[in-house]
There are 2 protein chains.
Amino acid sequence: MNASISKNIGVLGAGQLGRMLALAGYPLGNRFTFLDTTGNPSAGIGDVIVDPNNQHLAEFLDKVDVVTYEFEHLPVALIEQIEQHKPVYPGSRAIAVCQNRVEEKALFDHLGIPTPAYRVVESAEQLEAAANELGYPVVAKSVTEGYDGKGQAVLKAPEQAEEAWNSIGHRQLIVEAFVDFVREVSMIAVRGRDGEVVFYPMAENQHVDGILRYSVAPLPDLAASVQETADSYIRMLLDELEYVGVMALELFQTRDGSLLANEMAPRVHNSGHWTMDGAVTSQFENHLRAVQGLPLGSTQAIAPTCMVNVIGHEGDNAAMLAISNAHLHRYDKEERAGRKLAHVNIVADTHAELLEKVRACHTLLPEAPPVAWSFEASL
Amino acid sequence: MNASISKNIGVLGAGQLGRMLALAGYPLGNRFTFLDTTGNPSAGIGDVIVDPNNQHLAEFLDKVDVVTYEFEHLPVALIEQIEQHKPVYPGSRAIAVCQNRVEEKALFDHLGIPTPAYRVVESAEQLEAAANELGYPVVAKSVTEGYDGKGQAVLKAPEQAEEAWNSIGHRQLIVEAFVDFVREVSMIAVRGRDGEVVFYPMAENQHVDGILRYSVAPLPDLAASVQETADSYIRMLLDELEYVGVMALELFQTRDGSLLANEMAPRVHNSGHWTMDGAVTSQFENHLRAVQGLPLGSTQAIAPTCMVNVIGHEGDNAAMLAISNAHLHRYDKEERAGRKLAHVNIVADTHAELLEKVRACHTLLPEAPPVAWSFEASL
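Before going into details, it helps to say that this report is about the structure given with it. The numbers attached to residues start from 1 for each chain and follow its sequence in the written order. Chain A is the first chain written and ligand 1 is the first ligand written, with later ones labelled in order. Only residues with pLDDT of at least 70 are given local features in this predicted model, and only at 80 or more are side-chain atom pairs given and counted; all residues enter the totals for whole chains, interfaces and linings. The side-chain values count all of the structure's non-hydrogen atoms but skip hydrogen atoms and water molecules.

What about the packing of helix α5 (residues 101–111) of chain A against helix α8 (residues 224–240) of chain A?
Residue and element names in this part refer to chain A. To keep it simple, the criterion reads: For every element, the axis is a line fit to its C-alpha atoms; helices are fit only across the contacting stretch, and the angle between N-to-C directions ranges from 0 to 180 degrees. Put simply, DSSP H or I for four residues or longer makes a helix, DSSP E for two residues or longer makes a strand, and each gets a number counted from the N terminus. By the definition adopted for this analysis, an angle is roughly parallel if under 35 degrees, roughly antiparallel if over 145, roughly perpendicular if from 65 to 115, and oblique otherwise. Whether a crossing is left-handed or right-handed is set by the direction in which the near helix is turned from the far one by less than a right angle, anticlockwise for left-handed and clockwise for right-handed. The contact criterion used is simple: two residues touch if any of their non-hydrogen atoms lie within 4.5 Å. In the scheme used here, Gly and all other residues not listed as nonpolar or charged are polar, with Ala, Val, Leu, Ile, Met, Phe, Trp, Tyr, Cys and Pro taken as nonpolar and Asp, Glu, Lys and Arg as charged.
Viewed as axis vectors pointing N to C, α5 and α8 meet at an angle of 110°, and their least axial separation amounts to 11 Å. As the angle between them shows, α5 and α8 are arranged roughly perpendicular. For the pair α5 and α8, the crossing hand works out as right-handed. Of the residues in α8, those touching α5 at L107, F108, H110 and L111 are M236, L237 and E240. Of the residues that constitute the contact of α5 with α8, the class distribution is five nonpolar, one polar and one charged.

So, the sheet that holds strand β7 (residues 152–155) of chain B
In sheet architecture, strand pairing relies on hydrogen bonds along the backbone and comes in two forms, parallel and antiparallel. Residues and elements named next belong to chain B. Keep this limit in mind: Should DSSP find at least two bridges between two strands, the strands are regarded as paired.
Spatial strand order, β5-β8-β6-β7: four strands in an open sheet with antiparallel pairing. Each end of this open sheet is capped by a strand with a single partner; those strands are β5 (118–121) and β7. Neighbour-to-neighbour, the strand axes of this sheet turn through a mean angle of 20°, independent of strand direction. Taken strand by strand, helix α7 (residues 161–168) contacts β5, β6 (138–142), β7 and β8 (173–177), and its axis lies near 175° from that of β7.

Details of the pattern of salt bridges
Operational definition: Between Lys or Arg on one side and Asp or Glu on the other, a salt bridge is scored when a side-chain nitrogen of the former is within 4 Å of a carboxyl oxygen of the latter. When accessible area is computed with a 1.4 Å probe and restricted to protein chains, residues below 20% of their type maximum are described as buried, those above 50% as exposed, and intermediate ones as partly exposed.
Tallying each qualifying case throughout the model produces 32 salt bridges over all chains. Between B:D332 and A:K7 there is a salt bridge, with its nearest N and O atoms 2.6 Å apart. A residue pair is termed interchain when its members come from two chains, as with B:D332 in the loop between β16 (326–330) and β17 (340–347) and A:K7 in the segment before β1 (8–12). Here B:D221 ties to B:R183 by a salt bridge, and the two come within 3.0 Å at their closest N and O atoms. With B:D221 in the loop between β12 (211–217) and α8 (224–240) and B:R183 in strand β9 (residues 181–191), the pair connects residues that are 38 residues apart, well separated along the chain. Classification of B:D221 as partly exposed rests on a relative accessible area of 37%. Linked by salt bridges that have partners in common, A:K7, A:R31 and B:D332 make up one network.

Scope: geometric values only; no functional claims are made or implied.
Written as C-alpha cells, this is what we have:
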C-alpha cells in the first residue's frame, strides 16, 4: 500500500459532491482541482477549470496526482485516456458498468445478487411483450444516462407501451417488474487500494418523484443478517471490479426481509451524507483515504441520524440551526425547482427523539414532503 | 436578533485558524475573504488579499458583510476604523483588553476573578523590588505582543532582574508570582449577538516551552462546581465586554481545586480544537454562528477527546489515520522548528482507552513530548 498522502486531488465534475470531498480533504492536507465540462460549476472551493469544449484536460492532469469523479455519466474513453497518465479511482471498468443498466444487471446476475425481474428491450413491441410477461405495472428505464428519475416511465397497461417508448426515446430499455417492497435501503462501502473493505450501517431512504428526500441510519429494526447480506453483495461488486473508493448500492427490502439490488453508483452518494455528522468517518473522507492508498477510517455510527434534503427552495436556515444537534450543509447554489441546494443532518440519542426533531425541521422547509419511516410505528 | 446567514465573512489574518473557520463556514453557505498583513498567508482556502503595506482595506471591506479575526495582535485603531464601516466581532474593546496584560489583569480584578499575585513594573529596579515582594521564582512578561511564550523571562533570584529586563526589552512588564498549580485548564465559551452564552466542557492543557502540546476534554475528575466557577468567570468577561464570538480563558487549577485566571484570547483557540471532533458543534462553527447572529450550537461533548498538536515536523500521517477515531487536521504549511503544522483529534469511549491511543499517536510524532495528564494515575 502506498501510504503517503497525495497533495493534489483532481475531481471530474464540480458540484456539491466535489465541494464536500474538498471540505473533507483540506484537513488531510489535500488541494483540489476540479474539471467542469458543464460550464456551470457550483463547487465554490478549490481551483475549477471550466472546460465545456474539452480543451483543458492536459492542464488538469498536470496539476493533479490522482483523479476521481463525482459523476458517473462520463465517457468511458475519457477515463481510459486519463488512466494512461494518472491513477483514476474508481477505474474505467466501474464507470462502464455503472453507467449502463444492462451491464449493471448482468453483473448482479453474474455474482448471484438478486434483482427485480427484468428484460432488455429494443422496440415498443418488445417493451409491450416484456411488460405482458412481467405483469403490470412495470418500470421502463433508458439503459444509459438515467439520473434522478429522468428517462423512466411506468406502464400500467399494454396500450401505454408505444407512448412510453417514444417518451423515453432511447434505443434500448430495461423493463423491470414492480417490487412490493417494504422500504428502500442503501449500502455505502469503501474499498482501499489494498483491497480492504469497510461498510457503513445501511440507511433507509425516502424518495419522492425519484428524488431522495430523507435517509436515516442506523436502523432500529434491521436484522444483523440483513446487514450481513448487504455487506456480502457490495463486497462481491467491489472485489469483482477491483474497485477503489466509495460505492453506493441501492436496494429494495421486501416483506420477508430479503434484499433486491436496484442500482449502484461508483461515487459518494446522497444516501451517505448522514455519515458527515452521524459516523466516525464521513464517506467523503473515506473516499479520499481510499483513492490515496491510506488506511480507511471507522464507519461506526455515532448516534441515530437523519439526512434531510433541501430541494428547490431553502428553508428557515436560522431556525433549523436552533434544533439541537442539527448540522446544516449548504451547497451555495441558486434556488431552482428540483435542485439539490443543501441538506441538514439531524442527530439524536434515540430514534423517537430523532423523528421529533426531523418533524420540527420539516415544518421549516416549505417544500419538504412529510417523513415516513417504515419503522416509525414501533418507536 | 438578526437571524439570517451572512454571505461573505471577512477575516483579519490568514493562518490555520482562519482556514478552520472557513472549513466550518462553507457548510453554512459562507464565503471567506482573508486580509493578510504578514505577506505569508497559509490559509490555502477562500480569497486572500495580501496586504503587507496596508493598502487594500477598502477593497477587503467592500467584499465582506461582517468581519472577525484570528489574531488579536492587531492595532485597536484598525478595528475601530473597520467598525465605522462593517460590523466587527469581537469588538474593539475586547481586542484592546486582550492585547494588553495590564488591562486584562485590571478587568479580572474589577470582576473579582482571582489571578496569581502580580505587579506592574517599569524599570529593572522595580522588577527586582516586585520580585522580592512576590517571592521567587517569578515570571516577568511584556505587557503587549506576548505570543506562545515569547517576551517572557523567569527570575529565580534578585540578580537576574537586570538581565531579564534587558532581554524582554519592553517599557512595561507584568511580574507574576509562580502558582503551585496542579494543572493548566482552559474554558472556551461563545456569546451570541443577543447575549446568549454557551460553554464548552473545560479542557486540561499540557504546554512545553510555552507551546500547547495536548488538550483533553471533558475531564473525568473535574468537580461540577469547578466547571460552574469557570463558567461564571468567563460569563462575566463576555458580558462586561459585550462580547460576540468565541473567547478562550486559560486558568491554573491549584491543589485545593480553585482556579486562577492566567490569560484570555478573543478568538478561537488551540485548546478548543478538540471540539472539531469531540463536541456536537465545533468552536469554529459556533464562532461563525455568533458573529452572524445565528442560534448557537450545542457545546456538548460526544466522547473523551484529546487534541495532539503537530509542531515543527510532521509525523507518520498514514499510521496516525490507522488509529481508530483519529482525525487529522493539517494546515498545509511547510515544516519549520516550533511551527504549528497540524493537530490530531483522538476520540475514545473511555479516558483509559483515549490515553492508550494518544500514546500510540505520540510514537508516530518524532518531536512530541510524552503526554502527562493530571488524572492519569486514577484511570
